[in-house]
Amino acid sequence: MDKLSGKYLPDLTSKEVTKEEAATRLYEALKKECKEWGQNPDYEVIMTSDHTKCDYITEGQIWVCWEAGPYDWGVGYSLGSHPDSYSWPKTNQDWYLETYYGFDVIFSDI
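Overview of the structure.

Parameters and conventions
Residues numbered from 1 in each chain as written. Predicted model: local features only at pLDDT ≥ 70, side-chain atom pairs only at ≥ 80, totals over all residues. Heavy atoms only, no water. Phe/Tyr/Trp six-rings, centres within 6.5 Å; stacked < 30°, edge-to-face > 60°. Buried < 20%, exposed > 50% of the residue type's maximum accessible area, 1.4 Å probe, protein only. Helix = DSSP H or I, 4+ residues; strand = E, 2+ residues; numbered from the N terminus.

**Concerning the packing of aromatic side chains**
So, step 1. In the structure shown here, the tally under the stated rule is 10 aromatic pairs.
So, step 2. Taking the centre distance of 5.8 Å and the plane angle of 15 degrees together, the rings of Tyr-86 and Trp-95 count as stacked. Of the two residues, Tyr-86 and Trp-95, both sit in the buried class.
So, step 3. When the centroid spacing of 5.2 Å and the interplanar angle of 50 degrees are considered together, the rings of Trp-95 and Phe-107 count as tilted. With Trp-95 in strand E3 (residues 95–98) and Phe-107 in strand E4 (residues 104–109), the pair connects residues that are 12 residues apart, well separated along the chain.
So, step 4. Note on Trp-95: relative accessible area 0%, which makes it buried.
So, step 5. Ring pairing ties together the aromatic residues Tyr-56, Trp-63, Tyr-100, Tyr-101 and Phe-103, which thus form one cluster.

And the structure:
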């Protein structure tokens, strides 16, 4: 499999959602898909906003990562590969997604 299934992805397009709520909903969705892949989501899926321990995020950003997931899932997702979940560039939100490694997304303020 080379991309997220979309089966569990949250709807972050139809109404305004805070960055924190959106990150939590995506994190929970990735944990479900990770488990379906036979992996342990408690170890494989990570979410943090602690920029003092995570060099590639700054204060106010939230990092969601699934390193063992589909190749470069974060790149595709942040560019709108699942427009029913997150559509770029029209997001209807006051935040957007970027990626650092490709197997992650960073929720950032506009």
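Structure shown, so let's carry the discussion forward.
**Focus: unusual backbone geometry**
So, step 1. Geometrically, the link from Trp-88 to Pro-89 is a cis peptide bond, its omega value of 10 degrees lying close to zero.
So, step 2. One non-glycine residue, Asp-72, adopts positive backbone phi at about 55 degrees.
So, step 3. Inspection of the secondary structure assignment puts Asp-72 in the loop between strand E2 (62–66) and helix H3 (73–78).
So, step 4. For Asn-92, which is not glycine, the phi dihedral falls at a positive 60 degrees.
So, step 5. Position of Asn-92 among the secondary structure elements: in the loop between H3 and E3.
So, step 6. Residue Asn-92 is classed as partly exposed on the basis of its relative accessible area, which comes to 46%.

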